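# Summary of the model geometry
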Amino acid sequence: MLKSVSLISFSIALLGMGVSSAQASLRQYHSTVESSQWQLSRSSRLSCTLSHTLPGYGEAQFTSEASKQLNMEFVLDMNLLPKKFGTAAVYAVPPKWMPGVRARQIADMTLRTQYDGDLPEETAWTMLSELEKGFWPTIYYQDWYNPNDKVAVGLNASNFAPVYQDFVSCVSNLLPYSFDDISYTVLSYEKNSTELSRYSKRRLAMIGDYLREDNELELVLLDGYTDSYGGSWNNQQLSVKRANEVKKYLTDLGVGEDRIEITGHGEKRHIAPNTTSQSRATNRRVVVRMAKS
């Protein structure tokens, strides 16, 4: 029997799965109240992960990533991965100090062969809110190695609240865009100048904010282009100068020079006619392409 959750609650949960306590042996994994640990295992403006150790079983993880959209995912990181497909039931189980409160099912979790268990945003937030109220989100399933056993994996709510507040603060400070949103960026310029347009300055600042947080950047490719006015040699030099200005901005942020490659194309490879001021402005550009591990 779990030290902090009543046997009655587990019996109710088992009955909800169509299993009587006489029919199955329940193998339980959880931390004790004294040993329950919650921690921010990742905390940056790119990613926040709240983790909880499950002795003898693995780790529970709640993760939110930098993105245009708010997001949250729960992952049950198992030491021993599922041998076959199945379904687990996720219950909110009350602790002893909630007498008379019944366990209730909050979700089903699909178990896939040789994959960790995971749950989507809405269910992940539900589990977090149940933990905040003191409930133990508990995952029940048929053991895939022993047909006589059921498995219960409980997330102990003890010591949850203080770390959860830090996690919420981390999530609220995530960048509102991802690597994919900035990995290919076209910067445009004023005529005969290395001065970026106002929109491009904002885009470059976004790239800078991201790179301050990301230490996995492998390569930055900078391709400079001009319109067809000013002479081909001058335009070739101008395209290189524009790309070098961007390179300096990135190296000042700490990106290694050996990871940045520059190519000046001058007035080659136009993407618009040079017949109007608007189309010529489109051709004046530096294309930023980034790759990461």
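Scroll up to find the structure.
So, here's what we can say about the structure. As the structure is a computational prediction, the values presented were derived from the model and not from experiment. (Residues numbered from 1 in each chain as written. Predicted model: local features only at pLDDT ≥ 70, side-chain atom pairs only at ≥ 80, totals over all residues. Heavy atoms only, no water.)

## Some points on the pairing of strand E3 (residues 47-54)
Where burial is concerned, most of E3 is hidden: seven out of the eight residues are buried. Here strand E2 (residues 38-43) pairs with E3 via five bridges, running antiparallel. Its bridge partner lying in E3, Arg-42 is registered against Thr-49. Here E2 folds back onto E3, and the loop between the two strands holds three residues. From the end of E3 to the start of strand E4 (residues 58-65), which pair antiparallel, there are three residues, and Gly-56 there has a positive phi angle of about 75°. (Buried < 20%, exposed > 50% of the residue type's maximum accessible area, 1.4 Å probe, protein only. Helix = DSSP H or I, 4+ residues; strand = E, 2+ residues; numbered from the N terminus. Pairing = 2+ DSSP bridges.)

## Structural notes on the state of the cysteines
According to the stated counting rule, one finds one disulfide in the structure shown. The disulfide partner of Cys-48 is Cys-170, and the S-S distance across this bridge is 2.0 Å. Judged by the sign of its S-S torsion, about -90°, the cystine formed by Cys-48 and Cys-170 is left-handed. Of the two residues, Cys-48 is situated in strand E3 and Cys-170 in helix H3 (residues 161-172); the sequence distance between them amounts to 122 residues. Accessibility expressed as a relative area gives 7% for Cys-170, which makes it buried. (Disulfide = S-S within 2.5 Å.)

## Description of the packing of aromatic side chains
For the structure shown, the criterion picks out eight aromatic pairs. Ring geometry for Trp-38 against Phe-160: centres 5.0 Å apart, planes inclined by 75°, an arrangement best described as edge-to-face. Note that Trp-38 is positioned in strand E2 and Phe-160 in the loop between strand E10 (149-154) and H3, a separation of 122 residues in sequence. Ring geometry for Phe-179 and Tyr-210: centres 5.9 Å apart, planes at 45°, overall tilted. Linking Phe-179 in helix H4 (residues 179-182) with Tyr-210 in helix H5 (residues 198-213), this pair joins segments that are 31 residues apart in sequence. Taken individually, Phe-179 and Tyr-210 each receive the classification buried, so the pair is uniform in this respect. Every member of this aromatic cluster is reached through a ring pair, and the members are Trp-38, Phe-160 and Tyr-164. Lying across the ring of Tyr-225, Arg-285 places its NZ or CZ 3.8 Å from the centre. The aromatic ring of Phe-179 is capped on one face by Lys-292, whose charged end is 5.1 Å from the ring centroid. (Phe/Tyr/Trp six-rings, centres within 6.5 Å; stacked < 30°, edge-to-face > 60°. Lys NZ or Arg CZ within 6 Å of the ring centre and 35° of its normal.)

## What about the sheet that holds strand E12 (residues 217-225)?
Pairing is mixed in the open sheet, where four strands are placed in the order E11-E14-E12-E13. Only two strands of the sheet have a single neighbouring strand rather than two, namely strand E11 (184-188) and strand E13 (260-264). Here the average twist between neighbouring strands, direction ignored, is 15°. Sheet analysis places E12 next to E13, joined by five bridges and oriented parallel. Looking across to E13, one finds that Val-220 is bridged to Ile-260. Packed onto the sheet, helix H6 (residues 232-252) meets E11, E12, E13 and strand E14 (285-292) and runs at close to 165° relative to E13. (Axes fitted to C-alpha atoms, helices over the stretch in contact; angles between N-to-C directions. Contact = heavy atoms within 4.5 Å.)

## Topic: the pattern of salt bridges
Taken as a whole and assessed by the stated rule, the structure comprises 12 salt bridges. The shortest N-O distance in the salt bridge between Asp-252 and Lys-248 comes to 3.0 Å. Of this pair, Asp-252 and Lys-248 both sit in helix H6, separated by four residues, roughly a single helical turn. (Salt bridge = Lys/Arg side-chain N within 4 Å of Asp/Glu carboxyl O.)

## A word on the nonpolar core
Within the largest apolar cluster, 43 residues are counted, with the highest numbers of intra-cluster contacts made by Leu-50, Tyr-57, Phe-62, Phe-74, Ile-139, Tyr-141 and Phe-167. Once you skip the residues sitting within four places of it in the chain, Ile-139 turns out to touch Phe-74, Leu-76, Ala-88, Ala-89, Val-90, Met-109, Val-151, Ala-152 and Val-153. Counting 24 residues, the second largest nonpolar core, distinct from the first, contains Tyr-177, Phe-179, Leu-211 and Val-286. (Core = buried A, V, L, I, M, F, W, Y, C linked by side-chain atoms within 4.5 Å.)

## Comments concerning the packing of helix H2 (residues 121-132) against H3
Close contact between H2 and H3 brings their axes to 11 Å; oriented N to C, the two are set at 145°. By crossing handedness, the relation of H2 to H3 is classed as left-handed. Facing Trp-125, Leu-128 and Glu-132 of H2, the residues of H3 in contact are Tyr-164, Gln-165 and Phe-167. Its residues placed into classes, the contact of H2 with H3 shows four nonpolar, one polar and one charged. (Left-handed = near helix turned anticlockwise from the far one by under 90°. Nonpolar A, V, L, I, M, F, W, Y, C, P; charged D, E, K, R; others polar.)

## Observations regarding the packing of H5 against H6
Where H5 contacts H6, the axes come no closer than 10 Å and their chain directions differ by 30°. With respect to each other, H5 and H6 are oriented roughly parallel. Considering the relative orientation of H5 and H6, their crossing is right-handed. Along the contact surface, H5 presents Leu-204, Ala-205, Ile-207, Gly-208 and Leu-211, while H6 presents Val-246, Tyr-249 and Leu-250. Here the contact of H5 with H6 is built from residues that sort into seven nonpolar, one polar and no charged. (Parallel < 35°, antiparallel > 145°, perpendicular 65-115°, else oblique.)

Structural measurements only, silent on function.
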